[in-house]
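Residue-level listing of the chains:
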Amino acid sequence: MSHFINPFTDVGFKLIFGQEVSKDLLIDFLNDLLVGEKEIKDIAFLDKEILPEYMGDRGVIFDIYCTSTSGEHFIIEMQNRQQIHFRERALYYLSRTIARQGERGSAWDFNLKAVYGVFFMNFRLDDMPHKLRTDVVLADRETHEQFNDKLRFIFIELPSFSKEEGECENDFERWIYVLKNMETLNRMPFKARKSVFEKLEKIVDIASLSKEEREKYDESIKVYRDNLAVM
């Protein structure tokens, strides 16, 4: 029997990254993801459902949606299987979030806040080089200079990560190692290096789940395994 939860289930993913009580885990992960670019001090979780603006339009439900204290929007998604038009869906999600920042009236001056999409993928993207991380920005095609910093896609292709514990070179890779191997681990690695992994261990320990959390997780893992069987 597994000691830790499967982070790729809907319930498991949100237990780790989608709770107010554990938001420091998400902050730490995002800072390791964006190390050298920015430092996030705090986040606020937002309503994950964007309702349609008019009859016939479609709404959007994110896995996790939050903003930083400096105003950036972060959409964090876990996708376990290949989906038709997955990249277009990611573009739609971020574009919708950009568009919702618009204000009525002529006084608004298009002062947009950046929107980041972080997409964990348990599959390989078609027609693209297979690597752990693919960063997509708006840039000039010839010079590669960034045109605008308000739209950023980060695709994390989990099957492309094969490093062992001792081979991880930075904290981002340590996060990926833990997430990818969590369900088979008997102990939580890297605790001596970084205290956030000690907190993570407590949250993902199956024995520490409440009765309600365990029931939700058991149902979530059943759905996850059924989907794998279908695939």
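In this numbering scheme, every chain counts its residues from 1 along its sequence in written order. Whole-chain, interface and lining totals are the exception, using all residues; otherwise, since this is a predicted model, local features are given only for residues with pLDDT of at least 70 and side-chain atom pairs are given and counted only at 80 or more. The side-chain quantities take in all heavy atoms of the structure and omit both hydrogens and water.

A. Here's a closer look at unusual backbone geometry. Here the phi dihedral of Asp127 falls at roughly 60 degrees; this positive angle occurs in a residue that is not glycine. Position of Asp127 among the secondary structure elements: in the loop between β6 (115–121) and β7 (133–139). Among the residues examined, Asp127 registers a relative accessible area of 76% and is labelled exposed. At His144, a position not held by glycine, the phi torsion is positive, near 70 degrees. Given a relative accessible area of 63%, His144 falls into the exposed group. Secondary structure counts use DSSP, requiring at least four H or I residues in a row for a helix and at least two E residues in a row for a strand, with both numbered from the N terminus. Using a 1.4 Å probe on the protein chains alone, a residue whose accessible area is under 20% of its type maximum counts as buried, one over 50% counts as exposed, and one in between counts as partly exposed.

B. The packing of aromatic side chains, seen in detail. Each aromatic pair joins two rings of Phe, Tyr and Trp (for Trp, the six-membered one) with centres within 6.5 Å, and gets the label stacked for planes under 30 degrees apart, edge-to-face for over 60, and tilted for any other angle. The final tally for this structure, using the stated rule, is 19 aromatic pairs. Centroid distance Phe62 to Tyr93: 5.1 Å. Interplanar angle 75 degrees. Geometry classified as edge-to-face. Residue Phe62 is found in the loop between β3 (60–61) and β4 (64–68), and its partner Tyr93 is found in helix α3 (residues 86–99); the two are separated by 31 residues along the sequence. By relative accessible area, which is 10% here, Tyr93 ends up buried.

C. Expanded view of the sheet that holds β7. Two strands form a pair only when DSSP identifies at least two bridges running between them. Sheet architecture is open: six strands sit in the order β1-β4-β5-β6-β8-β7, paired in mixed fashion. Whereas interior strands pair on both sides, the edge strands pair on one side only; in this sheet they are β1 (43–45) and β7. The average angle at which neighbouring strand axes cross in this sheet is 20 degrees, direction not considered. With seven bridges connecting them, strand β5 (residues 73–79) and β6 associate as parallel partners. Paired with Glu77 across the bridge in β6 is Phe119. The contact rule is simple, with two residues in contact once any of their heavy atoms fall within 4.5 Å. Only C-alpha atoms enter the line fits that serve as axes; for helices the fit covers just the stretch in contact. Angles between N-to-C directions range over 0 to 180 degrees. The sheet strands contacting helix α1 (residues 10–17) are β1, β4, β5 and β6, and the helix crosses β5 at an angle near 150 degrees.

D. Seen up close, the pattern of salt bridges. A side-chain nitrogen of Lys or Arg and a carboxyl oxygen of Asp or Glu constitute a salt bridge if their distance falls within 4 Å. Enumeration over the complete set of coordinates arrives at 23 salt bridges. For Lys194, the salt bridge is made with Asp28, and the minimal N-O distance between the two is 2.9 Å. On the criterion of sequence distance, the pair formed by Lys194 in the loop between α4 (171–181) and α5 (196–204) and Asp28 in helix α2 (residues 23–33) is long-range, its members being 166 residues apart. On the accessibility criterion, Lys194 (13% relative accessible area) is buried. For Lys163, the salt bridge goes to Glu173, with nearest N and O atoms at 3.0 Å. Here the residue Lys163 occupies a position in the loop between β8 (146–157) and α4, and Glu173 occupies one in helix α4, the gap between them amounting to 10 residues. Residue classification places Lys163 among the partly exposed positions, given a relative accessible area of 25%. Assessed through its relative accessible area of 11%, Glu173 is described here as buried. Within the structure, one salt-bridge network assembled from shared partners comprises Asp28, Asp32, Asp171, Arg174 and Lys194.

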